[in-house]
Structure formats: structure tokens, C-alpha cells
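# Structural features, examined
Read off the chains here:
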Amino acid sequence: MNRGAETYHIFLSYAHSAEEAKKIRALVKDMRAAFKARTGSDLRIFVDTSGIRTADIWADRIIAGLESSSVLVAVISSAYYQSEWCRREWDYFMALERDPSATQDHDIRRIFPVLLTANPDVAGTAAVSKRWIKDVDRRQCVNLTSDLPNPRRRMISRLIKDIAASLADLPASRSIPR
């Protein structure tokens, strides 16, 4: 972990698009509210729209955000599977899940995929991404596509419950920021 830098509970990974921006902001707001209700603590999320100041070097800031975050929430979309950076972010947390020195228990989840829009179109996706798509499918995305408030709230609550459990299981050096 990047010592001396800001630390985050969550690294929010998503492919940038104008239509997703409002949904991303709503997701961040909803996750923070659910975490506060569940734990009484503030949820720290690295989101590159707010986490990168103009004077920072973008790639360095993303890497620092990855190294300073405990878990990944991946917003899955067609564009997500086309993004080299999104794949790097996913692979970083996959490596943490597999690293025996990172946790005593390899069953601690570090990656939480969510859908904000209908199932992504993966036709024409590069062959190198097929493994990635299978891993996303295996993890069972939290489906937040409903515009109805109660089902969405329940799914966000479930997501936060699972994230909080993973954070609690992580060694202190890789868990909840202080």
C-alpha cells in the first residue's frame, strides 16, 4: 500500500461516458449513505473524476489510488470491457485476491462488479477479454439497473454488506482507512 497517501475503502472502476456520469455520482452517493447507515463510518471511495486534480499526472494518480484502496467496485458496461485501464484495475485486484501474503484467507473478496445499465454487449470483444468476461460472470454482478427505489436500495445495501464483510476480514494493513 502507498504509505503516507490518502487511503480508500473502494476504488471505483468504470469506463467514462457522458451517459454514465450521472449514474456514477448516484452510485457513489447511495453507497456512502448505505455504508454510513450500516457502520456509522464514512465510506472513502477513489473516483477518478474527484480523485485526480488537474495538476496530477493521471496514470500515476490512478496507480496510487489502486495501491491505496482495499476493494474494487467495477461498473460493468460494454465500454468497460473495451478499456485497457479498466482491465488493469481489475487485474490489480485479482492479483491481490491470489496473493497469499495479502490475506490469510484466499476467500476474501476484493472485486465487486455492478451493473448500472442492461447487460453489456460483448459481441466483438477481443479474445483477450474473454477470460475477464468469464470472471465477471462468475462473480455474479449486483444488478442496479432498476429505476425503482426500493429494489435498488436493497441491492445497494446487499453490496455494502458484502463489502463491509470483506473489509472486516482483511488484515489491518489492507482494510479500513483510518
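Let me sum up the structure you'll find in this document. (Residues numbered from 1 in each chain as written. Predicted model: local features only at pLDDT ≥ 70, side-chain atom pairs only at ≥ 80, totals over all residues. Heavy atoms only, no water.)

Here the distance between the centres and the angle between the planes together describe a pair of aromatic rings. Using the criterion set out here, one finds seven aromatic pairs in the structure. Taken together, a centroid distance of 5.0 Å and an interplanar angle of 10 degrees make the contact between Phe11 and Phe46 stacked. One end of the pair, Phe11, is in strand E1 (residues 8-13); the other, Phe46, is in strand E2 (residues 45-46), and 35 residues separate them in sequence. You can call Phe11 buried: its relative accessible area is 1%. Taking 5.3 Å as the distance between ring centres and 80 degrees as the angle between the ring planes, the aromatic pair formed by Tyr92 and Phe93 counts as edge-to-face. Given a relative accessible area of 25%, Tyr92 falls into the partly exposed group. Judged by relative accessible area, Phe93 falls into the buried class, the value being 0%. Through successive ring pairs, a cluster of aromatic residues spans Tyr80, Tyr81, Trp90 and Trp132. The ring of Tyr8 has Arg44 lying over it, and the distance from NZ or CZ to the ring centre is 5.5 Å. One Lys or Arg, Arg88, reaches over the ring of Trp85 and ends 4.5 Å from the middle of that ring. (Phe/Tyr/Trp six-rings, centres within 6.5 Å; stacked < 30°, edge-to-face > 60°. Helix = DSSP H or I, 4+ residues; strand = E, 2+ residues; numbered from the N terminus. Buried < 20%, exposed > 50% of the residue type's maximum accessible area, 1.4 Å probe, protein only. Lys NZ or Arg CZ within 6 Å of the ring centre and 35° of its normal.)

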